[in-house]
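Here's the letter readout for the chains.
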Amino acid sequence: MPTVSRTAILQIDFLVVGGGIGGLAVAYVLAAAGHRVRVIEKRGLDVPSGGHRVTPNLSKILRQWIGEEELTRISTRCVGTPWHDLVTGKYVGFLPWKPAVMAETGGEFLLMHHDDIIRVLYKLATEAGARVDLNTTVTAIHQGTNALPNPSATLSTGEVVTADILIGADGAKSKVRELVFDEEEEDAEPGGMTLYTGTVDGADMEKDPELRPLVQSEEWPIFMGAYRSLCGHPVRAKGAFSFHVYSHEGDVQEQGGEESWEEVVPTSSLKLDAFTPRLQRLIKFSPYLLRTRFYKHQQGVEEWMDETCRIVLLGDAAHPSFPGGTHCAGMAVEDAAVLGTLFSHLRTMDQVPSFFGAYQEMRQRRCSSVNLADLANAKLVAMPPGPQADARNENMMRTADDWDEGTLKAQFEDIAEIFGYDAGDAAEEWWVNWGRFSDDIRHDPLQQQQCMAFNFETSTVEIEAS
Ligand SMILES: Cc1cc2nc3c(=O)[nH]c(=O)nc-3n(C[C@H](O)[C@H](O)[C@H](O)COP(=O)(O)OP(=O)(O)OC[C@H]3O[C@@H](n4cnc5c(N)ncnc54)[C@H](O)[C@@H]3O)c2cc1C
């Protein structure tokens, strides 16, 4: 079922803080459902970024939104993942992403550039009627009051924007989350990994016989070392190659940087001695690197919405991902698809608490387990030499030789849950089974307790964004 095929009976004002992948995706689905949406993004469209693995659960949403032809134009279909040794470059094994198995998930495994995803979503959102203010920062967020339950935000322009609902899509270092969770910045602590992201022009790689196959292939190779790994893949339909270097604690490189996608560092700042010469040449071709430090945030967060039920979190703001993880964009777009589907059923503001409750119930466990899987996979390919790394390599070698279609399907059982998921269907199923009966729920005082706890008489909470 397409995620945005219905116009809501009650159409309301949404303010989205942050116009990254999650913010633009939710702006699109809400505007397509007839709501009035304004997005505030502190940066412009032309900012440095790298590559994304677009797994089937995400590609099926993008295909619904932009169609097969446009999706094919800006992506490369991934046929498999070869594993290599980072130091020697030696081949270890191969995991094929077989079309027949992918087809069962309802999507494809694609390789794309962050910037291409952003541009596609920006076009969708603005053409659906959303207003996107670029180069504008939200400097303060205000909860509602008794007189005016609507939340508002102060912008760097001095303007104060009020909406019926405010969505915090402002990334891992979210200021909206600080208000919702009451999370102090010092609650987050370094998580033991620094990510370096680079992109190399395909024309440079074409000149080097050892690098040419990387950009011409349809693969997502992973190079495994001690406390560090490199993965990369073609982007911009093979016009360039993006890579991530994951440097874990114990690596020759010191941990550093911020939890941010804004820090550009010279390519020479990455120590290259642990890489095979082919990779050293690849990295040197990148004009600069983005440095992003992984931070662990407060665990056990119970609510993604504030007590007024007018402010809600989405994407990395709700569930900060492991930077460079395979599923970070997918989880944010799934969040958006779920919220968009729910709010296409809006008839009265009384439904909002049950929509938010359903949203969190559908999303929280999934995002948390997927994030943990990303982290575990990153550690698996950065093991120091020893029996565990040997056992991993043996398993990977066996994989290449032994897997037939049947074995592959069995291996996929674990990840079928991730790849086969359809966010729009999940939200629609909730609506059919529960949501449409919510008149009963709304008249049940117990169900309303969550939002009634907020005392409009006393509270006007606001938070300053730096
Ligand atoms: C510029 C950029 C490049 C990235 N490149 C990669 C990459 O190459 N590979 C990868 O795997 N992941 C990358 N990511 C991260 C990845 O896109 C996210 O982890 C994932 O898509 C979830 O997206 P999100 O929208 O929840 O958060 P984000 O992508 O972090 O988006 C949050 C947005 O909110 C904006 N924002 C924050 N505070 C404010 C404020 N006060 N006012 C207004 N706007 C605000 C930020 O500028 C940002 O655009 C990148 C993120 C960004 C922002």
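If you're wondering where the values come from, they're calculated on a predicted model, not measured in any experiment.

**Student:** Is there a simple way to explain the packing of aromatic side chains in this structure?
**Tutor:** Pairs of aromatic rings are described using the distance from one ring centre to the other and the angle between the two planes. In total, this model carries 14 aromatic pairs according to the counting rule given. Between Trp-97 and Trp-220 the ring centres are 6.5 Å apart and the planes differ by 20°, which places this aromatic pair in the stacked class. Within this pair, whereas Trp-97 is found in the loop between β6 (91-96) and α4 (99-105), its partner Trp-220 is found in the loop between α8 (212-216) and β14 (222-224), the two being separated by 123 residues in sequence. Per residue, the accessibility class of Trp-97 equals that of Trp-220, and both read buried. Arranged with centres 6.1 Å apart and planes meeting at 80°, the rings of Phe-109 and Phe-419 form a pair that is edge-to-face. On the criterion of sequence distance, the pair formed by Phe-109 in the loop between α4 and β7 (110-113) and Phe-419 in helix α14 (residues 413-419) is long-range, its members being 310 residues apart. With respect to burial, Phe-109 and Phe-419 carry one shared label: buried. Members of the aromatic cluster, connected to one another through ring pairs, are Phe-14, Phe-343, Phe-355, Phe-356, Trp-430 and Trp-431. The side chain of Arg-366 reaches across the aromatic face of Tyr-421, ending 3.8 Å from its centre.

**Student:** Explain the pattern of salt bridges to me, please; I cannot follow it from the model alone.
**Tutor:** When charged atoms on two side chains of opposite charge get close, those side chains can pair. Counted according to the given criterion, the structure contains 26 salt bridges. Of the charged contacts in the structure, one is a salt bridge between Glu-108 and Arg-77, with a shortest N-O distance of 4.0 Å. Of this pair, Glu-108 sits in the loop between α4 and β7 while Arg-77 sits in strand β4 (residues 76-77), and the two are 31 residues apart along the sequence. What makes Arg-77 partly exposed here is its relative accessible area of 34%. For Arg-363, the salt bridge goes to Glu-334, with nearest N and O atoms at 2.9 Å. Remark: Glu-334 occurs in helix α10 (residues 328-343) and Arg-363 occurs in helix α11 (residues 352-380); sequence separation between them is 29 residues. For Arg-363, a relative accessible area of 0% puts it in the buried group. Relative accessible area serves as the criterion here: at 0%, Glu-334 is assigned to the buried category. Here the salt bridges share partners, and the residues they tie into one network are Asp-46, Asp-115, Asp-116, Arg-119 and Arg-236.

Parameters at a glance
- Residues numbered from 1 in each chain as written.
- Predicted model: local features only at pLDDT ≥ 70, side-chain atom pairs only at ≥ 80, totals over all residues.
- Heavy atoms only, no water.
- Phe/Tyr/Trp six-rings, centres within 6.5 Å; stacked < 30°, edge-to-face > 60°.
- Helix = DSSP H or I, 4+ residues; strand = E, 2+ residues; numbered from the N terminus.
- Buried < 20%, exposed > 50% of the residue type's maximum accessible area, 1.4 Å probe, protein only.
- Lys NZ or Arg CZ within 6 Å of the ring centre and 35° of its normal.
- Salt bridge = Lys/Arg side-chain N within 4 Å of Asp/Glu carboxyl O.

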